[in-house]
Structure formats: structure tokens, C-alpha cells
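Per-entry structural report
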Amino acid sequence: MRAYVPLTISGLATAHGAGELGPGPLTAYAVTPGLREWYVSDDIEELEYAALSRAAAASLRLLAGDPGSARRRVVVAVDVPDTLVSADPDSALDASSLGEVKIASTVALTRAAAVHVDAEDALADVTAAADALGAADHGDDDAQFVVDGAEDHELLWFGVQEIPNLIA
């Protein structure tokens, strides 16, 4: 199963140093039955993009909780055995956790297929979105507009061998 693990640049540096993502259980995002139903598509590429987008939103939450981290959303795409992945069937009813899964154990970085990271031109919008997230969660429409602005930026694709350059 392809799963998308949200991180920060500092989290990516830690994973790179350890050679693995973890410890488990890890929160990740994947194409789950709830995500399929919500997205109403049979196109696996569209569904995987939706799961990646959910992971990018979770990365933004990690940034909001870590003011010292570089203001770039990071998502690592990993391929893991289905037996290590579980989804809460009740979460299909909760829009905030669509596509959320738990990976039971650490995941070796050798299982990573790619790393997705914000481009430099996204930094101002991602920084503003991370700062506005708390107010948006409390119903502030203006803050939600700022948070949504980060979603206008596509994450760039990087090969796993490029991680040292990303964390430098």
C-alpha cells in the first residue's frame, strides 16, 4: 500500500539520520474506503493525490505545533505491506480524518518512493497558514482563507536520494 507520511524538514532530517520513519505507530494517509467514497472517483492517481493532499494538511498542523521548524510542508510517500496498515472504520464518518491510517511499526527509508516538499515560493503562504491554523480551527473565516492559501501550492517531487539536499 502506498501511504503518505506527514513530516517537517526537521522530522525528515531525523528520519534520514535514523534511516527510518518512526517509531510506530505512524499516522499517515492512504486511499481508504472512506476517502474513495468522499472523493467519488475510481481513478487511483486522483485518489492518491487526495491522500497526498490530506498528508500535506497534516504536515501544516505539525508546522503549527513546531514554530522553530522550517516553514515547508513535507510528505514522504512509502510503500508498506497492507498488514502493517490499519484504518479506523468509524473515521469514515469524520471529514477531518478522511484517509487517515496508522502504520504499526517503523518504516525503513528504503521503502520510501519519493519525498514531496514545498517550493521556496510557497514559504510566505505556508508560514501564514501555520500561524492562522489555530484561529481557523475556531471558526475564523479569514484565518481559514489564509490556511486554504497554502493548498494553492503544489508540493514538489524529490527522489529519496535528494533528502540530504533538502535537509541541508
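In this report, we go over the structure that sits alongside the text.

This next bit is on unusual backbone geometry. Cis geometry is adopted by the peptide bond preceding Pro-23, which originates at Gly-22 and carries an omega value of 10 degrees. With respect to the helices, strands and loops of the structure, Pro-23 is situated in the loop between β2 (20-21) and β3 (26-29). Put simply, Gly-24 and Pro-25 share a cis peptide bond, and its omega is -5 degrees. Mapped onto the elements, Pro-25 comes out in the loop between β2 and β3.

What the rule picks out here adds up to one aromatic pair. Arranged with centres 6.0 Å apart and planes meeting at 50 degrees, the rings of Trp-38 and Tyr-39 form a pair that is tilted. Sitting over the face of the ring of Trp-38, Arg-54 holds its NZ or CZ atom 5.6 Å from the ring centroid.

Further remarks concern the environment of Glu-37. Take Glu-37: it is sitting in helix α2 (residues 33-39). Residues Glu-37 and Ser-10 lie 27 residues apart in sequence; the distance between their C-alpha atoms is 34 Å.

Parameters and conventions
- Residues numbered from 1 in each chain as written.
- Predicted model: local features only at pLDDT ≥ 70, side-chain atom pairs only at ≥ 80, totals over all residues.
- Heavy atoms only, no water.
- Helix = DSSP H or I, 4+ residues; strand = E, 2+ residues; numbered from the N terminus.
- Phe/Tyr/Trp six-rings, centres within 6.5 Å; stacked < 30°, edge-to-face > 60°.
- Lys NZ or Arg CZ within 6 Å of the ring centre and 35° of its normal.

Shape descriptors only; they carry no functional weight alone.
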